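A closer look at the structure
These are the residues of each chain, in order.
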Amino acid sequence: MKTMKFYLWAAVACLLAACKDETKEPASAVEGATAFYQSAEKQEQVMYELPATLSDRPEQILRRKGYTVSYNKDTKCPNWVAWHLTKTHTYGKHQRSQEQFTEDSVVGVPRATDWDYYNSRYDRGHMCPAGDNKWDAEAMRQSFLFTNICPQNHGLNKYEWNDVEMLCRAWARQYGAIDIVCGPIYDAHAEPKYIGRGKVRVPQRFFKVVLCRTGNPKAIGFIYDNEGRKQPMREHVYSVDEVERITGIDFFPALDDQVERRVEATARLSDWPAE
């Protein structure tokens, strides 16, 4: 069933590939994706990082130069942000010090603004980090759009979350490229918490899943509490299957079914050495 779903996904994406305006609101997660069927003349190219379409929450897909975001108009935050991180993209001359956080005019109002975060005691937490977008001026600028941002505890943002971001860049350099998806988790049993007049919802936790397709494919996941206490990385490793159960998001649906089942079933940090 999943294979049939992927072929339908790829076919629709093929029809939409000619659309060059990436600022308009697409109808679903297939829009903006570039996929071509493999044939004798043409090699298949698929955006493996894109999760499956969501049906249980609002979703507006926004294609950026360095990432794709599934935006939720109710939370004023992304459902997920996905990107293909190459070794080349871990380097560049464009620095975050030259950028400012910016409203995303593509999404409707009310939407997150800088004032929502002012005196909120939460950082403007990047999902796709600025450090993954130094390779291009536009990519760097777009990483500061509020549709790529969530309210994040300062301690988590500065330490544990930053540690995983740096580790992902090390993996991209070591393996050549990786696929990444991350985003917020809102626990159903928790009382909703918001910041600002725009009512930007504060996540209880954050997830990140990483796929390496180089050599023998493998995947790993992480979930961190949105708190400032110490959270050792080894204690926050999850399989992709576990992250899917917690988030309700189907990651890496473009993978071959057998490969997907194998890589998503288990995760060990020891299988991911970084030089």
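Residues numbered from 1 in each chain as written. Predicted model: local features only at pLDDT ≥ 70, side-chain atom pairs only at ≥ 80, totals over all residues. Heavy atoms only, no water.

1. Remarks on the overall build of the protein
When helices and strands are counted, the protein shows seven helices and 11 strands. A total of 275 residues make up the protein; the buried ones form 52% of that total. A fraction of 66% describes how many contacts in the protein between residues 6 or more apart in sequence connect residues 24 or more apart. By element, 49% of the accessible surface of the protein is carried by carbon and sulfur atoms, the whole surface being about 13600 Å². (Helix = DSSP H or I, 4+ residues; strand = E, 2+ residues; numbered from the N terminus. Buried < 20%, exposed > 50% of the residue type's maximum accessible area, 1.4 Å probe, protein only. Contact = heavy atoms within 4.5 Å. Areas by Shrake-Rupley, 256 points an atom, 1.4 Å probe, with all protein chains shown as cover.)

2. Re the side chain of Gln142
Position of Gln142 relative to the elements: it lies in helix 3 (residues 137-142). Using a relative accessible area of 8% as the deciding quantity, one classes Gln142 as buried. If sequence neighbours within four positions are ignored, Gln142 has contacts with Arg64, Lys65, Gly66 and Tyr67.

3. Some words on the sheet that holds strand 11 (residues 237-238)
Where strands meet in a sheet, backbone hydrogen bonds hold them as pairs that are either parallel or antiparallel. Spatial strand order, 1-2-3-6-9-10-11: seven strands in an open sheet with antiparallel pairing. Since the sheet does not close on itself, it has two edges, and those belong to strand 1 (60-63) and strand 11, each with one partner. With eight bridges connecting them, strand 9 (residues 205-212) and strand 10 (residues 218-225) associate as antiparallel partners. Looking at the pairing, Phe207 lines up with Ile223 of strand 10. Contacting strand 3 (77-86), strand 6 (177-185), strand 9 and strand 10, helix 5 (residues 160-175) runs over the sheet at an angle of about 5° to strand 9. (Pairing = 2+ DSSP bridges. Axes fitted to C-alpha atoms, helices over the stretch in contact; angles between N-to-C directions.)

4. Brief notes about helix 5
In a regular helix each residue adds 1.5 Å, so 16 residues correspond to 22 Å; helix 5 covers 22 Å between its end C-alpha atoms and thus fits that length. Buried residues of helix 5: Glu160, Trp161, Val164, Glu165, Leu167, Cys168, Arg169, Ala170, Trp171, Ala172 and Tyr175, and no others. Positive phi shows up at Gly176, right after helix 5, with a value of about 100°. (Expected span 1.5 Å × (residues − 1).)

5. Quick notes on the nonpolar core
One finds Trp83, Trp171 and Ile178 to be the most contacted residues of the largest nonpolar core, which totals 40 residues. Mapped onto this core, the elements with two or more residues apiece are strand 2 (68-72), strand 3, strand 5 (149-152), helix 5, strand 6, strand 9 and strand 10. In terms of residue count, the dominant contributor to this core is helix 5 (seven residues). With near-sequence residues (within four places) excluded, Trp171 lies in contact with Gly176, Ile178, Val210, Ile220, Phe222, Leu269, Trp272, Pro273 and Ala274. (Core = buried A, V, L, I, M, F, W, Y, C linked by side-chain atoms within 4.5 Å.)

6. Some points on the environment of Ile249
Tracing the backbone shows Ile249 in the loop between helix 6 (240-247) and helix 7 (257-265). Setting aside anything within four residues of it in sequence, one finds Ile249 in contact with Pro51, Leu54, Arg57, Asn79, Trp80, Phe207 and Glu244.

7. Looking at the pairing of strand 2
Of all five residues making up strand 2, five are buried, and the element is well covered by its neighbours. Taking every second residue as pointing to the same face, both faces of strand 2 are buried, with Thr68, Ser70 and Asn72 on one and Val69 and Tyr71 on the other. Both strand 1 and strand 2 contribute to a ladder of four bridges, which runs antiparallel. The residue of strand 2 that forms the bridge with Ile61 is Ser70. The turn linking strand 2 back onto strand 3 is made up of four residues, and Lys76 within it adopts a positive phi angle of 65°.

8. Thoughts on the packing of aromatic side chains
Note on aromatic pairs: each is described by the distance of the centres and the angle between the planes. Across all of its chains, the model carries nine aromatic pairs by this definition. With centroids separated by 6.3 Å and ring planes inclined at 45°, the aromatic side chains of Phe251 and Phe252 adopt a geometry described as tilted. Grouping residues by exposure puts Phe251 and Phe252 together as buried. Feature note: the residues Phe101, Tyr117, Phe144 and Phe146 constitute an aromatic cluster, connected by ring pairs. Residue placement shows Arg173 over the ring face of Tyr91; its charged tip is 4.8 Å from the ring centre. Above the plane of the ring of Trp161 lies Lys208, whose end atom (NZ or CZ) is 4.8 Å from the centre. (Phe/Tyr/Trp six-rings, centres within 6.5 Å; stacked < 30°, edge-to-face > 60°. Lys NZ or Arg CZ within 6 Å of the ring centre and 35° of its normal.)

9. Focus: helix 7
Of the residues making up helix 7, those classed as buried are Asp257, Glu260, Val263 and Glu264. Axial view of helix 7: buried residues confined to an arc of 140°, hence all on one face. Turned more than 90 degrees away from the buried face of helix 7 sit Gln258 and Arg261, all of them exposed. Among the residues of helix 7, the N-terminal cap falls to Asp256, whose side-chain oxygen and the backbone nitrogen of Gln258 are separated by 3.1 Å. (Arc of directions from axis to C-beta. Polar contact = N/O pair within 3.5 Å; in protein donor to acceptor, adjacent residues only side chain to side chain.)

10. Examining the confidence of the model for the protein
Of the residues in the protein, 84% have a pLDDT of 70 or more, and the chain-wide mean is 88. Low pLDDT (under 50) marks residues 1-44, which in the prediction has 59 contacts with non-local residues, meaning those over four places away or in another chain. (pLDDT = per-residue confidence, 0-100.)

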